[in-house]
Amino acid sequence: MQIFGLDIGGSGIKGAPVDLDRGDLAQERFKVLTPHPATPDGVADGVKQVVEHYGWTGPVGLTFPGVVTDGSTIRTAANVDKSWIDTDARTLFSDRLGGHPVTVVNDADAAGVAEMHFGAGRDRRGTVILLTFGTGIGSALFVDGVLVPNTELGHLELHGHDAEKRASSKAKEDEDMSWEHWAHRVQKYLAHVEMLFSPELFIIGGGVSRKSHKFLHHIEDIKAEIVPAQLQNNAGIVGAAMHAAEKAR
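Counting restarts for each chain, with residues numbered from 1 along the sequence as it is written. Residue-level local features of this predicted model are given only where pLDDT is at least 70; pairs of side-chain atoms are given and counted only at 80 or more, and the full residue set underlies all totals for whole chains, interfaces and linings. Side-chain descriptors were evaluated using all non-hydrogen atoms of the structure, hydrogens and water having been removed beforehand.

Residues and numbers for the side chain of serine 169, please.
Helix numbering and strand numbering both begin at the N terminus, where a helix is a DSSP run of H or I of at least 4 residues and a strand a DSSP run of E of at least 2. Within the element layout of this structure, serine 169 appears in helix H5 (residues 169–174). Exposure categories follow from relative accessible area, calculated using a 1.4 Å probe and restricted to protein chains: below 20% of the type maximum is buried, above 50% is exposed, and the middle band is partly exposed. For serine 169, a relative accessible area of 11% gives the class buried. A polar side-chain atom of serine 169 sits 3.0 Å from the main-chain carbonyl oxygen of glycine 134. Ignoring any residue separated from it by four or fewer positions in sequence, one finds serine 169 in contact with Phe133, Gly134, Thr135, Trp182 and Val208. Any pair of nitrogen or oxygen atoms within 3.5 Å is treated as a polar contact; in protein, a donor-acceptor pairing is required on top of that, and neighbouring residues in sequence qualify only through side-chain atoms on both sides. Any two residues whose heavy atoms approach within 4.5 Å at even a single point are treated as in contact.

What follows is the structure, given as structure tokens:
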């Protein structure tokens, strides 16, 4: 079974048909740059461009980098235009795609669901936290495999700042940090999250997951096991498709 998954990020909009039996992309993903400002209309145009690249006409699952309630209403917009707040995203995207069935879910929650089903969190019980490091820091919290949605732990305060302003991969790029220097920032953030939730496992996702060998060994004094996401930066696409398939049943 294939469903289209699409991941909206602060820097890029990427998607592909997903093979839900394997938990992997059925075709090579296609990506366009997120417009700036990332307004609802501009992002919807990017979404349409990605979906039309494949000539796709079926259900589409989308992620969004913020809190999504009722499967549609956008409540926060830290790394996209503030005009997203209170937008009915499901209706916006469905209309732009010519009426295709659309589902919308928080981006990190989608990545987390994919990792728990097909990747690094498979068969893991207890408290598991996936953290995606990209333009911001997304989070997905699971207790015995059950998702606690919209946690947004990237906005925890760390040394007087939003944690994602200090420890996201964008912060690494903006401040031209070495991998070791950035890893120490991440370590301080993980220690703060660990103090609050005492997880058994941290899964590190986002684009940096494919470069985990460059920084994970610099992270010390964390009691939880720390592993890279197995689906890497495709986890959000796979999770979006899984969400769409579930809603289509």
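Run through the packing of aromatic side chains, naming residues and quoting values.
Here is the rule: rings of Phe, Tyr and Trp (six-membered ring for Trp) pair when centre to centre is within 6.5 Å. Planes less than 30 degrees apart are stacked, more than 60 are edge-to-face, and the remainder are tilted. Within the structure shown, the criterion is met by nine aromatic pairs. Between phenylalanine 4 and tryptophan 56, the aromatic rings sit 5.7 Å apart at their centres with planes inclined by 50°, giving tilted as the arrangement. Remark: tryptophan 56 occurs in the loop between helix H1 (40–53) and strand S5 (60–64) and phenylalanine 4 occurs in strand S1 (residues 2–8); sequence separation between them is 52 residues. What makes phenylalanine 4 buried here is its relative accessible area of 0%. Residues phenylalanine 64 and tryptophan 84 carry aromatic rings whose centres are separated by 4.8 Å and whose planes lie at 55° to one another, so their mutual orientation is tilted. Separated by 20 residues along the polypeptide, phenylalanine 64 in strand S5 and tryptophan 84 in the loop between strand S7 (73–74) and helix H2 (89–96) bring together distant segments of the chain. Through a chain of ring-to-ring contacts, the aromatic side chains of Phe133, Trp179, Trp182, Tyr189 and Phe215 assemble into a single cluster. The rule for a charge over a ring is simple: NZ of Lys or CZ of Arg within 6 Å of the ring centre, and within 35 degrees of the ring normal. The ring of tryptophan 179 carries the charged tip of lysine 172 above its face, separated from the ring centre by 4.3 Å.

Summarise the environment of serine 178; cite the residues concerned and give the values.
You can see serine 178 is positioned in the loop between H5 and helix H6 (179–197). A relative accessible area of 41% means that serine 178 is categorised as partly exposed. When the C-alpha positions of serine 178 and alanine 244 are compared, they lie 39 Å apart, and in sequence the two are 66 residues distant.

So what about the nonpolar core? Which residues, and what values?
With 53 residues, the main nonpolar core has Leu6, Val47, Trp84 and Phe93 as its most contacted residues. In terms of residue count, the dominant contributor to this core is helix H7 (residues 235–248) (seven residues). Contacts of phenylalanine 93, omitting those with residues within four sequence positions, involve Ile8, Val43, Ala44, Val47, Leu62, Trp84, Val102 and Val104. By nonpolar core is meant a set of buried Ala, Val, Leu, Ile, Met, Phe, Trp, Tyr and Cys residues that side-chain atoms within 4.5 Å join together. Membership of the second largest hydrophobic core comes to 26 residues, among which are Leu153, Ala163, Leu190 and Val193.

An account of a positive patch on the surface is needed here, citing residue identities and associated values.
By definition, no residue in a patch forms a salt bridge, and every one has over 30% relative accessible area; like charges are joined within 9 Å, nonpolar side chains (Val, Leu, Ile, Met, Phe, Trp, Tyr) within 5 Å. A 1.4 Å probe and the Shrake-Rupley method give the accessible areas. Residues count as covered only by the protein chains that appear here. The salt bridge definition used is simple: a Lys or Arg side-chain nitrogen within 4 Å of an Asp or Glu carboxyl oxygen. We score Asp and Glu as negative and Lys and Arg as positive, and we do not count His or the chain ends. By convention, the point assigned to a charge is CZ for Arg, NZ for Lys, CD for Glu and CG for Asp. There is a patch of like positive charges on the surface, built from Arg29, Lys31, Arg210, Lys211 and Lys214. Within the fold, arginine 210 resides in the loop between strand S14 (201–205) and strand S15 (225–228).

Help me get a handle on the pairing of S5, residues and values and all.
Judged by how many residues are buried, S5 sits mostly within the fold: five of five residues are covered. In this sheet, S5 lies alongside S1 in parallel orientation, the contact comprising four bridges. Paired with glycine 5 across the bridge in S5 is glycine 61. With five bridges joining them, S5 and strand S8 (residues 102–106) adopt parallel strand pairing. Paired with leucine 62 across the two strands is valine 104, which belongs to S8. Any two strands between which DSSP finds at least two bridges are classified as paired.

For the side chain of threonine 34, give the residues involved together with the corresponding values.
Here threonine 34 is to be found in the loop between strand S4 (30–33) and H1. The buried category is assigned to threonine 34, whose relative accessible area is 3%. A distance of 2.9 Å separates a polar side-chain atom of threonine 34 from the backbone nitrogen of glycine 12. Sequence-distant contacts of threonine 34, defined by excluding residues within four places in its chain, comprise Gly9, Gly10, Ser11, Gly12, Ile13 and Val43.

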